[in-house]
Amino acid sequence: MNTVATSTSQLPSAILAAALHAFTESGYDTASIEEICLGSGSSVGSFYHHFGSKEGVAAALYKEGIRSYQAGLLAVLDTPAKPQETVTQLVRHHFTWISDNTELARYLLQMGAAPATVAAHSSVRKQNRELLDAVRSWAQPHVESRALRFSEPAQLLAQLLGPSYFFTRAWLAGGVVINEVVVDGFATAASRAVSF
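Remember, predicted model here, so these are calculated numbers, not experimental data. (Residues numbered from 1 in each chain as written. Predicted model: local features only at pLDDT ≥ 70, side-chain atom pairs only at ≥ 80, totals over all residues. Heavy atoms only, no water.)

### Section: the overall build of the protein chain
1) Next: Along its length, the protein chain carries 9 helices and 0 strands.
2) Next: In the protein chain, the succession of α and β elements from N to C terminus is α-α-α-α-α-α-α-α-α.
3) Next: Referenced to the eigenvectors of the C-alpha coordinate spread, the extents of the protein chain come out at roughly 55 × 35 × 30 Å.
4) Next: Surface summary for the protein chain: the accessible area is close to 10100 Å², and the carbon and sulfur share equals 55%. (Helix = DSSP H or I, 4+ residues; strand = E, 2+ residues; numbered from the N terminus. Areas by Shrake-Rupley, 256 points an atom, 1.4 Å probe, with all protein chains shown as cover.)

Take a look at the structure:
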């Protein structure tokens, strides 16, 4: 990655982007703080000021990846639509986010249980609870009107996105192809899984 001139306000984002590139290209253990600083145009002092350590930037990057992915899900849940349309959009968001953020998606899969991201786990648990609360609020009236089958939020999310999650893991590993037919198939299956 080339060195870039970065303003002070953009520096944390530039460091995160450079860290993502370094971690996915070199591997977390091999990537160095100097490599991240070179890629972001930051000084070592600025790096430590913003993130404290390589583990700190790894945790921040993990937390930001989860936040970014979930923000799209929350936006879909917050958009008025028929429940089956919302289900379709949730599945579409999953595939779109993975394809638009491939490097970050790979990082999240690789680092989810890594010791370097432990510092992010408390924050991510909070984000997960907020997502489940939003799913509960969205689903409850549709469950009561019998438009949706499941009321427990974690079960509902697993029904909606579990198959897509496993398929995109295979895609990230290079084993399958994603196209509109595939996405439509998963959206249709998700809608059938939660409808009466």
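What follows picks up the thread again.
### A closer look at the nonpolar core
1) Next: Of all hydrophobic cores here, the largest spans 60 residues; its most connected members are Phe23, Ile36, Val57, Tyr62, Tyr107, Leu156 and Leu160.
2) Next: Setting aside its immediate chain neighbours within four residues, valine 57 contacts Ile15, Leu16, Ala19, Phe23, Ile36, Phe47 and Phe51. (Core = buried A, V, L, I, M, F, W, Y, C linked by side-chain atoms within 4.5 Å. Buried < 20%, exposed > 50% of the residue type's maximum accessible area, 1.4 Å probe, protein only. Contact = heavy atoms within 4.5 Å.)

### Section: the layout of surface pockets
1) Next: Computed from the structure, the largest pocket encloses a volume of approximately 630 Å³.
2) Next: Lining of the largest pocket is provided by 25 residues; of these, Ile66, Tyr69, Gln70, His94 and Tyr165 occupy positions nearest its centre.
3) Next: Those elements that place two or more of their residues in the lining of the largest pocket are α4 (54-77), α5 (83-100), α6 (102-111), α7 (118-144) and α8 (153-172).
4) Next: Top contributing element to the lining of the largest pocket by residue count: α8, with 9 residues.
5) Next: Class assignment for the residues of the lining of the largest pocket results in 18 nonpolar, 6 polar and 1 charged. (1 Å grid on protein atoms, 1.4 Å probe; cavity = no way out; pocket = protein on both sides within 12 Å on 5 of 7 lines; lining within 4 Å. Points joined across faces, edges and corners; volume = space filled by probe spheres on them. Nonpolar A, V, L, I, M, F, W, Y, C, P; charged D, E, K, R; others polar.)

### As for the packing of aromatic side chains
Here the distance between the centres and the angle between the planes together describe a pair of aromatic rings.
1) Next: Under the defined criterion, the tally for this structure stands at 9 aromatic pairs.
2) Next: Among the aromatic residues, ring-to-ring pairing joins Phe23, Tyr28 and Tyr107 into one connected group.
3) Next: Lying across the ring of tyrosine 28, lysine 54 places its NZ or CZ 4.5 Å from the centre.
4) Next: Seen from the ring of phenylalanine 196, arginine 146 lies directly overhead, with NZ or CZ sitting 4.1 Å from the centre. (Phe/Tyr/Trp six-rings, centres within 6.5 Å; stacked < 30°, edge-to-face > 60°. Lys NZ or Arg CZ within 6 Å of the ring centre and 35° of its normal.)

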